[in-house]
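Chain by chain, the residues run as shown.
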Amino acid sequence: MSPTSSLLLASALLPVALMLAAIPHRRAAVVPPVWGRFRGLSVAALSSTVASLGLQLAAEPGGPGTALSGLSATLTGAWVAVLVQLLGTVIGAFSSRYLQGEPGQPRCVAALGGVLAAVHLLLLADHWLVLIAAWAAVGLALQHLLCFYTDRPFALLAAHKKRVADRLADALLIAAAALAWNEVGSGSLSALWRHLEANAPSIALQASAVFLALAVVLRTALLPVHGWLIQVMEAPTPVSALLHAGVINLGGFVLIRFATLLEAAPVARWLLVGIGLTTALLAGLVMLTRISIKVRLAWSTVAQMGFMVMECGLGLYTLALLHLIGHSLYKAHAFLSASTAVEAARLRMMRGAAAPSVASLALAPLLSLGMVALLVSAVQVAPWPWWWSGVLAMAWAPLLWLPATPDPCAPGAVRGLLAGAGMVIALVLAALAGHRVPFGVSDAPDGTAGLLALVSMVALYGGLALLQARPAALATWRRWSYAGFYVDEYATRAALRLWPTRWTPAATE
Amino acid sequence: MDTLLTPRTEPSQSLQLSAPTDADIGRRIDAACAQACRAIAPAWPLDRAIAVNPHWARTDLSVRTVAARMAVLGDIRVFPPRAQLRQAWASGRIAAADLNEALAQCPAARLAGLDAARAIDALAETPALPRLPLLIDVLDDDPRGQGRLSWRQAVTHQVSQVCAAYFDVHQADWQPERAGGLYAFWRDTLTHDQGIGVLMGLPDIARGLSALPATRQDAEQWVLRRLGLPEEAWADYLEAVLLTVNGWASWCAYLAWEARLAGGSDTHLRDLLAIRLAWGAILLECRDDKAAQGAFVALQMEWERSPARLQQAEDALLVDEVWQLALEVGYQRGLAQRLRAVAPPLSAAREGEQAFEVQAAFCIDVRSEPLRRAIESAWPAVQTIGFAGFFGLPVAYTPLATAARRPQLPGLLAPALEVTERVVDSVADFGAHGDALQASARQARLNSFARADRWGASSRWPNAAFSSVEAVGAGYLGKLVQWLRPSASARRSLDGTGLGSRYRPVCRPVLAGLDLPAKVDLSARVLHAMGLDRGLSRLVLLIGHGSQSANNAQAAALDCGACCGQTGEVNARVLARLLNEPDVRAGLCARDITMPEDIAFAAALHNTTTDEIEGFDLDLLDAAARGRWTRLQTVFAQACDQVRRERAVALGLDPRSPHATLLDQLRRRANDGAQTRPEWGLAGNAAFLIAPRARSRGAVLEGRVFLHDYDAADDADGSVLELLMTAPMLVTHWINWQYHASACDPQRLGSGNKLLHNVVGGRIGVFEGNGGDLRIGLARQSLHDGEHWRHEPLRLTVVIDAPAEAIECVIANHAVVRQLLDNGWLHLWRFTTDGGFMRYARGRWHAVMA
């Protein structure tokens, strides 16, 4: 082992140890010192992850990877480790003040430390067993946070549904591992990559990829197993923040990690595109109908995870990773500041609402497409396939909408368009800049699936435009969306039949 | 105003006729529904969260009767839990003398032969007060919720979700069609619901839905005719039904309240009642005939015994009432001692004769008391005055270039005047000279709003949000890191958003559309009510109050109740401007209200979280007045520091810290979005003094007492006293009972755990977690520090310095006041001339033992 690679591995492994050390030993631990200790150790762990990332960036690309059996520090993992530890540090600091006066704080610190340690281990996994064990450990530690209040039936139900999904995912992963192990002759992931480079993918490996994809779907709370993620509002706000920002997106990391396998397994990729896209579209619509802030944020996460998984299926790993990071930071902040919803409503009342004009609804996507295409063409090496520019154009078209009946004092159409155009340009430039960041992944876009994604996003834009212009025409859709398409009701019943449990607390109302 | 304040008409005598015709029964059912709906008190939205007594509409009954009804009809607790009382007894907070005094004061206790020994024994018991069942309870084959939610919970959840969808206008971007009204909306939602049967364990719910009554009236009639309950129990049954969705019922009652203030009416509450009743019809159809028959029999049997059950509960709660009283007697003893200690000698000169350098009018809010005391001790030449924090201006305020009009006055009243905003660089700009400025300021704000709206689209719509997090999600890094250490920045009003640094400091609220005589009238009225129509000093401060907290859905509950959950800033600034207008002053002079030639009125705000005083529009004052303000700053600095030190311990801070450190800590706490207890608000409130300041000056009242200045000598006709006893006294009673109720039943009358709060509809209220009923009242964190209750549930003790006859006159003329007193919702005392007190009880005055 070279000195650099040992240093690399050490700096990547240190956070695991530090977070384990943050777990208070005695149940009756005194509260403030427990948090203080957590804070100190998590800042140390954060420094360690930053150092590890620095070392990775400084190291030769494709340099020494594996240094210890079953573990491997990667550049991608280093990025995610910094992200997760940052979230853990912030959420820990938040919780130490937010939970003041609550019983069960030491338990919370322990679970937080446990989750973070397990995540760091997962990020280093280079062996099926490490992967399976670490991912299961994340779920187990999380159970304590989900059930922070053991007297709340919906918290218990959500935790149970999560448990059911986790065990199914475990089974799928074990199956995937068994198939691959048998084929490759080793449980090592590096060995798997080497095997795939040398050999054509067998049916067994394709099946392994499908199982893996399904396990990710289960762990990432895509439809139809999203229910528990929506219902974790029954735990304190920082738990939601941690879950929605730092844990749920690990599926994306695993998919990126398994890019080599996925590229050899078209069925698995189509599965990811199909489920991811469906989730993104449906959950996106449901999100628009939510009447409480936290539930809206939760549906937004489901939709965003669908989109990220779809990107993985499409082979757009850079985008998926950008998504993973950007969404985490955004969603953690959004959850922690969920109670500013009242201020936001006050500001909305001050600003008033203006419906966009039909003409601008129709023309905005064209204008947006023009701008995206122009900016992308100015870059020498296209950062993404052409159809993705179409997806972006649909995404940012709403920034170019103009009010149907403008306030005479309000800025005119030209000023509005210029402001919107400026924002679209800034967003495209930011997206281009994001692609310059060395993440250590290489994209493998799938054109046919990409077209499907583009068509779907055009359809989604069409739906939104119709929603603006003729909301009454979509009354039935709204009803279904408001009901979450009834998916969770049936999924819950299935989960309870598969694994019955008592989730209502005894003898209370 | 009286119609608003009269809770409800006499109970159901009109319901007891014989040989009813069909139309007659219909009318009586209608009357019973109306009566049940009248029992629900309103709950204001989060952005106007004023405190309300949740039993307000039941104050025509005695506290103990209401406690019994709440227990039997809704499993709601009104008196403090016995465990808490036990602790108060064990710790000596309630002394044996207090208990004896309480027993002596309670005639029912004497009648029942309750003595101290039995009362003490009862503390160890928990009275069994089982709730009367509703139709959905007796139909439920799994009421304990073995494998699913009980139907009671499931129905509440479903109704709550539908109400949220119907009433929300600010959260969902995709709004439903709701033209048919609440009942039709619910019916439509339910008949199209494909999942509810699965959730409730009712695979054949479709059969039940076919029985769904078509209209609200049908639902009401159908259920009451079918149930076969004794007619006397109808209204009680319906009230119990409403209590299962008490949060939304309170929201509907708020809509009705607002409609009534505006001269209209609102029927959402009746719709809600009908929805809840119709659920019974659906579930009935889902069960077979035998089960249905059994349910009817069970229900009828239970409700035939309801009068006996209510009486039983009332008897059982006698002990609780005595202990509640004992808790209050203990507090009152201390209060009386403190007030006696500072009692002015009989010959003391009236305070008005003394010349003061500065006069400062504060809100009556309990948090003003420590600050007033500190300022008076820092510089005795300051006269402080307690007055309702809206300063008598019945206004609604609309920020510049917006349509976001909001009331800035007590919830009991409807706004009568409009306040708009004007950009004013110098006094001349108040006239036509400043008109040009207005257009550019409006333009600047609208531009800023349009930009914010446009950028908002990038996270609002799903496809935009997908790609935006990839592009700019990393930008949230900065915001996220801010959670690590909150800033120490000063309070910043939301109303200035979008004005930019050019206009923000010079945008000033002004009264709109009032001619000079009306302005003079208003000014004269307000000055008289404040006792400032003579003896004015050269600097008069109008000090409103406001809190400072971040990421706090219930922030408005910490602001000024008299300003409808807003800060007092707008009212103080408008009044100061009004009284500084030369024409108005001339008009006042003409009415014999004399004031010094160089007088200046200045508006300020007491930040109750950090105890800082912020002045407004000081740039418009002349140099001499500004000089006086500046000289006052050292007094404020010293006084505010003293108050911060007094408050520090309760907030877990070190009161020995240096001045700057303590202020810094409080400011960071105020800006800390993770802080669930930025300040204690009005926790601890226990008494209301309506008296000259001389009666309490120097007494340490620990921020537990509302103080309103009142001098009976200036109120020959008793009109000011009448106003005080029918407006501020009711407001303080509302506040007092909101804290009381939230502390005694944090689950049903408080909003539960703040860590789980989930804002509904942007402003309507909160859910605790995913759903369940809308929550009303205060969060547990607002009253409890994790180890101890910070609010002791005491009924307000009102102490008035006025002749007995004047007080009795108001009581005789106002049914609302009479009810509150006779039914034990508050205590009334008066000062006697010898520095002692008399206690009012059932029309007589009793001496208060020293």
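First things first, this report covers the structure right here in the doc.

Rules and cut-offs
Residues numbered from 1 in each chain as written. Chains lettered and ligands numbered in written order. Predicted model: local features only at pLDDT ≥ 70, side-chain atom pairs only at ≥ 80, totals over all residues. Heavy atoms only, no water. Helix = DSSP H or I, 4+ residues; strand = E, 2+ residues; numbered from the N terminus. Rg over C-alpha atoms; globule rule 2.2 N^0.38 Å. Contact = heavy atoms within 4.5 Å. Areas by Shrake-Rupley, 256 points an atom, 1.4 Å probe, with all protein chains shown as cover. Lys, Arg positive; Asp, Glu negative; His and termini not counted. Charge placed at Lys NZ, Arg CZ, Asp CG, Glu CD. Pairing = 2+ DSSP bridges. Axes fitted to C-alpha atoms, helices over the stretch in contact; angles between N-to-C directions. Parallel < 35°, antiparallel > 145°, perpendicular 65-115°, else oblique. Left-handed = near helix turned anticlockwise from the far one by under 90°. Nonpolar A, V, L, I, M, F, W, Y, C, P; charged D, E, K, R; others polar. Buried < 20%, exposed > 50% of the residue type's maximum accessible area, 1.4 Å probe, protein only. Salt bridge = Lys/Arg side-chain N within 4 Å of Asp/Glu carboxyl O. Buried area = accessible area lost by both parts, 1.4 Å probe. Polar contact = N/O pair within 3.5 Å; in protein donor to acceptor, adjacent residues only side chain to side chain. Phe/Tyr/Trp six-rings, centres within 6.5 Å; stacked < 30°, edge-to-face > 60°. Lys NZ or Arg CZ within 6 Å of the ring centre and 35° of its normal. Core = buried A, V, L, I, M, F, W, Y, C linked by side-chain atoms within 4.5 Å.

## Thoughts on the overall build of chain B
Item 1. The number of helices and strands found in chain B is 33 helices and 17 strands.
Item 2. Its C-alpha atoms give chain B a radius of gyration of 28 Å, within 12% of the compact-globule value 29 Å for 850 residues.
Item 3. Taken along the three principal axes of its C-alpha coordinates, chain B extends 90 × 75 × 55 Å.
Item 4. Counted over contacts in chain B with a minimum sequence separation of 6, partners at least 24 positions apart contribute 74%.
Item 5. Total accessible area on chain B stands at roughly 30,100 Å², and carbon and sulfur atoms take up 53% of it.
Item 6. Treating the 88 positive side-chain charges of chain B as one cloud and the 96 negative ones as another, the clouds have centres 3 Å apart.

## Examining the pairing of strand 17 (residues 844–847) of chain B
Residues and elements named next belong to chain B.
Item 1. Relative to strand 17, strand 16 (residues 837–841) is paired through four bridges, and the arrangement is antiparallel. From the neighbouring strand, Y840 faces strand 17, where its bridge partner is W845.
Item 2. Counted between consecutive antiparallel strands, the loop separating strand 16 from strand 17 contains two residues, among which R842 sits at a positive phi close to 45°.

## Examining the packing of helix 1 (residues 3–21) of chain A against helix 4 (residues 105–124) of chain A
All names here are of chain A.
Item 1. Contact pair helix 1 / helix 4: the axes reach a minimum separation of 8 Å and the direction vectors enclose 160°. The angle between the axes of helix 1 and helix 4 places the two elements in the roughly antiparallel class. Relative to helix 4, the crossing made by helix 1 is left-handed. In this structure, helix 1 contributes A12, L13, P15, V16, M19 and L20 to the contact, and helix 4 contributes G113, L116, A117, H120, L121 and L124.
Item 2. Looking at side-chain class alone, the contact of helix 1 with helix 4 contains ten nonpolar, two polar and no charged residues.

## Details of helix 20 (residues 368–378) of chain B
Count 3.6 residues to each turn of an α-helix, and residues three or four apart come out pointing the same way.
Residue and element names in this part refer to chain B.
Item 1. Burial analysis of helix 20 places nine of its eleven residues in the buried class, the great majority of the element.
Item 2. Within the sequence span of helix 20, burial applies to S368, E369, P370, L371, R372, R373, A374, I375 and E376.
Item 3. Check the buried side of helix 20 and you find it contacts strand 1 (358–363), strand 2 (382–387), strand 8 (600–607), strand 9 (612–616), helix 28 (623–648) and strand 11 (705–708).

## Let's talk about the pattern of salt bridges
Item 1. Tallied over the full model, the rule gives 61 salt bridges over all chains.
Item 2. A salt bridge links E768 of chain B to R152 of chain A; the nearest nitrogen and oxygen atoms lie 2.9 Å apart. Here R152 of chain A lies in the loop between helix 5 (128–146) and helix 6 (153–184) and E768 of chain B lies in strand 13 (residues 765–768), a pairing that spans two chains.
Item 3. In this structure, D435 of chain B and R422 of chain B form a salt bridge, with 2.8 Å as the shortest nitrogen-oxygen distance. Of the two residues, D435 of chain B sits in helix 21 (residues 435–460) while R422 of chain B sits in strand 5 (residues 417–423), which places them 13 residues apart along the sequence.

## Topic: the interface of chain A and chain B
By convention, interface size is frequently given as the accessible area that disappears when the constituent parts associate.
Item 1. Each side of the interface is counted separately: chain A has 110 residues, and chain B has 104 residues.
Item 2. Between chain A and chain B the total buried area reaches about 9,400 Å² when both faces are included, carbon and sulfur atoms providing 61% of it.
Item 3. Run the count over chain A and chain B and you get five salt bridges.
Item 4. We note a salt bridge from D188 of chain B to R479 of chain A, for which the minimum N-O separation is 2.9 Å.
Item 5. Between the two partners, chain A and chain B, sit 35 residue pairs in polar contact (both at pLDDT 80 or more).
Item 6. In terms of residue class, the side of chain A that touches chain B is made up of 67 nonpolar, 22 polar and 21 charged.

## Some details on the sheet that holds strand 3 (residues 395–397) of chain B
All names here are of chain B.
Item 1. In spatial order, the strands read 4-3-5-6; together these four strands make up an open sheet with mixed pairing. Two strands bound the open sheet, and with one partner strand each, they are strand 4 (406–408) and strand 6 (507–512). The sheet shows a mean angle of 40° between the axes of neighbouring strands, taken without regard to direction.
Item 2. Where strand 3 lies against strand 4, three bridges are found, and the strand directions are antiparallel. The residue bridging V395 from the neighbouring strand is Q408, located in strand 4.

## Some words on the environment of Y183 of chain B
Residue and element names in this part refer to chain B.
Item 1. Following the sequence through the fold, Y183 ends up in helix 10 (residues 182–191).
Item 2. Of the residues examined, Y183 reaches a relative accessible area of 4% and is grouped as buried.
Item 3. In this structure, Y183 is in contact with P213, A214, T215, R216, A219, D271, A274, I275 and A278, ignoring residues within four places of it in sequence.
Item 4. There is a polar contact of 2.7 Å between the side chain of Y183 and the backbone oxygen of P213.

## Some details on the packing of helix 5 (residues 96–105) of chain B against helix 19 (residues 318–341) of chain B
Residues and elements named next belong to chain B.
Item 1. Direction vectors running N to C along helix 5 and helix 19 enclose 120°, while the axes themselves pass 8 Å from each other. One finds that helix 5 runs oblique with respect to helix 19. Remark: the crossing between helix 5 and helix 19 carries right-handed chirality. Facing helix 5, whose interface residues are D98, L99, E101, A102, L103 and Q105, helix 19 presents V322, W323, L325, A326, V329, G330 and R333.
Item 2. Classifying every residue of the contact of helix 5 with helix 19 gives eight nonpolar, two polar and three charged.

## Here we look at the packing of aromatic side chains
Item 1. Considering all chains together, one arrives at 35 aromatic pairs over all chains under this definition.
Item 2. An angle of 55° between the planes, with centres 6.0 Å apart, marks the rings of W44 of chain B and W734 of chain B as tilted. Here W44 of chain B is found in the loop between helix 2 (22–38) and helix 3 (63–74), whereas its partner W734 of chain B is found in helix 31 (residues 728–744), with 690 residues between them in sequence.
Item 3. By the ring-pair criterion, three or more aromatic residues cluster together here, those being W44, W56, Y166, F167, F185, W248, W251, Y254, W257 and W734 of chain B.
Item 4. The residue whose ring lies beneath R290 of chain A is Y482 of chain A, and the NZ or CZ to ring-centre distance is 5.1 Å.
Item 5. Over the face of the ring belonging to F430 of chain B we find R577 of chain B, whose NZ or CZ atom lies 3.6 Å from the ring centre.

## Notes on unusual backbone geometry
Item 1. L223 of chain A connects to P224 of chain A through a cis peptide bond whose omega is 5°.
Item 2. A positive phi angle, close to 60°, is found at D75 of chain B, a residue other than glycine.
Item 3. Taking relative accessible area as the criterion, D75 of chain B reaches 41% and is therefore assigned partly exposed.
Item 4. Within the chain, E702 of chain B stands out as a residue other than glycine whose phi angle is a positive 60°.
Item 5. Here E702 of chain B shows up in the loop between strand 10 (687–690) and strand 11.

## Some words on the nonpolar core
Item 1. Formed by 192 residues in total, the largest nonpolar core has its most connected members in W128, L192, F258, W388 and W396 of chain A.
Item 2. Considering every element that reaches this core, the biggest residue donor is helix 14 (residues 293–314) of chain A, with 14 residues.
Item 3. In this view, L192 of chain A contacts W128, A180, V184, L205, F258 and L261 of chain A; residues no more than four positions away in its chain are not counted.
Item 4. Residues A154, Y183, V366 and V810 of chain B belong to the second largest nonpolar core, which totals 165 residues.

## Considerations on the sheet that holds strand 11 of chain B
All names here are of chain B.
Item 1. The sheet built from six strands is open, its strands ordered 11-10-14-15-16-17 with mixed pairing. Every interior strand has two partners, whereas the edge strands, strand 11 and strand 17, have only one. The mean inter-strand angle of the sheet, taken between neighbouring strand axes irrespective of direction, is 25°.
Item 2. Of the strand pairs in this sheet, strand 15 (residues 827–831) and strand 16 are connected by four bridges, and their pairing is antiparallel. Opposite R830, over in strand 16, you have M838 as the bridge partner.

## A few points about the pairing of strand 14 (residues 797–800) of chain B
Residue and element names in this part refer to chain B.
Item 1. Neither face of strand 14 is open: one carries T797 and V799, the other V798 and I800, and all of them are buried.
Item 2. In the sheet, strand 14 pairs with strand 15 via four bridges, with the strands oriented parallel. Of the residues in strand 15, the one forming a bridge with T797 is H827.

## Structural notes on the environment of W737 of chain B
Residues and elements named next belong to chain B.
Item 1. Positionally, W737 belongs in helix 31.
Item 2. In this structure, the C-alpha to C-alpha distance between W737 and V469, residues 268 residues apart in sequence, is 46 Å.
Item 3. If sequence neighbours within four positions are ignored, W737 has contacts with N53, P54, H55, V63, V78, R795 and W825.

Function cannot be inferred from these measures alone, as they are strictly geometric.
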